[in-house]
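Observations on chain architecture
Here are the chains, one letter per residue:
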Number of protein chains: 2
Amino acid sequence: MGRVNVGIVGATGLVGDMTASILRERHFPVEDMRFFASARSAGRRLNFGDRELDITEVTPGCFEGLDVVFVCAGTDVSREVVPRVVSEGAVAIDKSNAYRMDPDVPLVVPEVNAVALGKHRGIIANPNCTTIQMVVALAPIARAAGLERVVASTYQSVSGTGREAVDELTDLSRRVLDDERVQPRVYPHQIAFNLLPHIDNFDAQGYSGEERKLMLETRKIMGLPELLISATTVRVPVYWGHGISVMVETSEKLTAARARELLAGQPGLVLQDDPKRCVYPMPITAAGTDEVYVGRIREDESHPRALHLWIVADNVRKGAATNAVQIAEHLFRA
Amino acid sequence: MGRVNVGIVGATGLVGDMTASILRERHFPVEDMRFFASARSAGRRLNFGDRELDITEVTPGCFEGLDVVFVCAGTDVSREVVPRVVSEGAVAIDKSNAYRMDPDVPLVVPEVNAVALGKHRGIIANPNCTTIQMVVALAPIARAAGLERVVASTYQSVSGTGREAVDELTDLSRRVLDDERVQPRVYPHQIAFNLLPHIDNFDAQGYSGEERKLMLETRKIMGLPELLISATTVRVPVYWGHGISVMVETSEKLTAARARELLAGQPGLVLQDDPKRCVYPMPITAAGTDEVYVGRIREDESHPRALHLWIVADNVRKGAATNAVQIAEHLFRA
C-alpha cells in the first residue's frame, strides 16, 4: 500500500476518534492527516500518534490533496460535506445514513461484499452498526443454504447514540443507585436499568428508523432485494457492544452443527458456542475487539428450516470505525 | 368470599414477601396467616399488616387447618413440600417449575385459562414469569385469528433470579462505575452493563431451561399442544420487569389496527402504543404494577399474517406473586 492522505470529519466524536485510533492500530499508511470538527471543537488540538494536529472547521478547499475522508458526523452534516469531499478529489467513506440506500453508492461490509467497492463514484457508505454485525454472520449461511426470511430483535448499547449517551448512562446509573432524581436529556426516558424499544423516529407502519435501516441495508449488502426481513430494535443499559437475537429461515435445511462449521470458517467472525461451559457472545467480551461473535446456535423448533443465532460485536469498532478502515484498506491496497 | 387460612412457604424470599404484600393490597380475606422459611430464617418474625408473626420451618402437621399455601421456594423445595401441603388438606399454589408440566396439574393464568382451575386435585401451578406476560397478550390474538407460530426473544430482569441477584446488580454496577474489580457470584459473568444469553441450564439442542419453559408452558396454558414456538431468553441489567419481543404468525390475517383493538379489550392488559409520542411499554413504568403492557404493535413485513408485539410486565408481581393471588381469588370466590 502506498502512503495515503486522510481526513476525518467529526474527529472529536466517538466514531471519529475511534477511526483515528484504528487507523494507527492497523498500521494504515497515513501520510498527511487532517482533523475536522464543528465550530465548537475547532481550534483545539488532537494527537494522532506522536503528531499534534489542529482541529479545523470544514471550509472550501479543505479536502484538496486528500485521498480519503472518513465522514463521521451525522446525516445532515454528511449531506453537506460528502459532495464537497468528492468535488475536491477525495473518496468519502460516509458513516451516516445519508447515502446508504443511494443506488449509485456501494454499501459495504468487506467480509461480505467487498466486490461492490469496484463500482464506486467517490462515495462509499458504511452500514448501520447492527446491520454490519448481522450480515457478517448471515453471509456464510446465505452462501451455503440461501436466505428466505430473517426476524431480528436487537439489544443495542448506548455508545451507538454517541458520547453524550455514554455519559448519560453513567450519570443516571449513579443517580438510581443513590436514590436521586433522574432527569434524562439524551433519551426520552431513563435508560439506566431500563429498556427503550425506540431507536430513531417511527414511521406510519410503526417501525423505527433503526428497524428500517437493518431491514433495507441487509437486503442491499447481501444482494437480496426481495429478502423477507423484519426487526425490532431496543436500547439497553450497556455501554459498548450490541446483541442481536436472529431467527433465520433458509432455503435448504441447515443443521446447527453444519451452521457452526460454516460460521467458524467465516473471516471476521468468531464462534463462541459452548453454552454449557458459559461460553457465548457478550458485550463485555466483544468490547474493544474488531470481530463479530456468534453463538447460541440452535435449530428453530417451530420451523423445518430455521436457525437461531445470538450475535454480538463492538458497535463503535466493527459496527462503525473498524468497518470503515477496512473499506479504506481495500481501496488503497497496492 | 369467606375468610381463608393462608400459608406462605419461602416467606422471606422476593416472591414470598411480595405474595404477602399483594394479598393485603388486594384485600384477600386472610383469616389465619402462617409464614414458613428455611432454617436460616426460622425464628425471625415478620409483619403481616398489623400482625407480627413467627417464621417457622416446615414440620409435619404445619399446614393442618390451612386452606391454601403459596409455595415460593424453588423446585427442589416444592417437590418435597407440595405433597405435604396436599396431604394435610390445603391447596398448594406452587410457583416453582416442579409440577407445571404434570398433566394432572392445572397451569393457570386467570385471564387466559381460569376454567382449568375446575379440575385441580390439590395442586395448581403458577407459570414462569415470561410465560405469564406473553400469554396474556397472545390470548386475544389467538381467539380472534388463531395462532400458528410464535418466535420470542426476551429481555429479563435480575429480580427473576431472586434477592441476591438484585443485590449483585447493585454491587457490580457500583464497581464498574467506580472502576473497581468485578467478581460475579450469582451469575457466571458480570451482569452490570452486560447481556447474558443464559437463563437456567442448557439441553442437548442448545436451548436453555428458561426457553423450554416458555415454549412448553405457552402450549399448555393456551391449550395448543401443537403450537409452533421457539424462544431465546437473555438476562439484562434491569432490576424489575421483563421485556419480550414477539413475532406471532396467525391463521387469519390480523391488521395492526385490529390487533390494537383486541389487545385494548383484554382484561389485565394495558395498551401502550403511541411510539411517536414515546409511549411504549418499559420496565420502569411496569414495575410496581399488576398489569401486562403491550405496544410496538406492527405487521411483520416478512410474512403475510404476522405481527410484532413488545410486551413488558413486573416479573415479581404479575409474573409470579400477583398471578398466584389471582388464582387464589378464583378458588375461594364465594
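Calculation notes
- Residues numbered from 1 in each chain as written.
- Chains lettered and ligands numbered in written order.
- Predicted model: local features only at pLDDT ≥ 70, side-chain atom pairs only at ≥ 80, totals over all residues.
- Heavy atoms only, no water.
- pLDDT = per-residue confidence, 0-100.
- Salt bridge = Lys/Arg side-chain N within 4 Å of Asp/Glu carboxyl O.
- Helix = DSSP H or I, 4+ residues; strand = E, 2+ residues; numbered from the N terminus.
- Buried < 20%, exposed > 50% of the residue type's maximum accessible area, 1.4 Å probe, protein only.
- Contact = heavy atoms within 4.5 Å.
- Buried area = accessible area lost by both parts, 1.4 Å probe.
- Pairing = 2+ DSSP bridges.
- Axes fitted to C-alpha atoms, helices over the stretch in contact; angles between N-to-C directions.
- Expected span 1.5 Å × (residues − 1).

Chain-level statistics for chain A give a pLDDT mean of 97 and a share of 99% at 70 or above. Interface confidence in the predicted complex, given as ipTM, is 0.97; pTM for the same model is 0.97.

Counted by the stated rule, this structure contains 62 salt bridges over all chains. When the shortest N-O distance is used, the salt bridge between R296 of chain B and E211 of chain A registers 2.7 Å. With R296 of chain B in strand 12 (residues 292-299) and E211 of chain A in helix 6 (residues 209-222), this residue pair bridges two chains. As far as the burial class goes, R296 of chain B and E211 of chain A line up, both buried. Of the charged contacts, one joins R3 of chain B and E31 of chain B as a salt bridge, the two residues approaching to 3.6 Å between their closest N and O atoms. Pair noted here: R3 of chain B is in the segment before strand 1 (4-9) and E31 of chain B is in strand 2 (residues 30-36), with a separation of 28 residues, a long-range link. When its relative accessible area of 55% is taken as the criterion, R3 of chain B is described as exposed.

Taken together, the contact pairs 64 residues of chain B with 64 residues of chain A. Both faces combined, the contact of chain B with chain A buries some 5300 Å², and carbon together with sulfur accounts for 59% of it. Remark: the boundary between chain B and chain A carries 12 salt bridges. Of the charged contacts in the structure, one is a salt bridge between E301 of chain A and R212 of chain B, with a shortest N-O distance of 2.8 Å.

Looking now at the sheet that holds strand 2 of chain B. Residues and elements named next belong to chain B. As summarised here, the arrangement of the seven strands in space is 3-4-2-1-5-6-7, forming an open sheet in which the pairing is mixed. Looking at the sheet topology across the chains shown, the edges are occupied by strand 3 (45-48) and strand 7 (123-125). The sheet shows a mean angle of 25 degrees between the axes of neighbouring strands, direction not considered. Relative to strand 7, strand 6 (residues 91-94) is paired through three bridges, and the arrangement is parallel.

Attention now moves to the environment of L66 of chain A. Residue and element names in this part refer to chain A. Note that L66 resides in the loop between strand 4 (51-56) and strand 5 (68-71). Once the C-alpha coordinates of L66 and M101 are considered, the two residues, 35 residues apart in sequence, prove to be 26 Å apart. Excluding residues within four positions of it along the chain, L66 makes contact with N5, V6, G7, D32, R34, F36, G89 and A90.

Residue and element names in this part refer to chain A. Across its 12 residues, helix 1 (residues 14-25) extends 16 Å between first and last C-alpha, which sits within 8% of the 16 Å expected from 1.5 Å per residue. Of the surrounding elements, those touching the buried residues of helix 1 are strand 1 (4-9), strand 2 (30-36), strand 3 (45-48), strand 5, helix 5 (163-177) and helix 9 (317-331). Within two residues after helix 1, H27 carries a phi angle of roughly 55 degrees, on the positive side.

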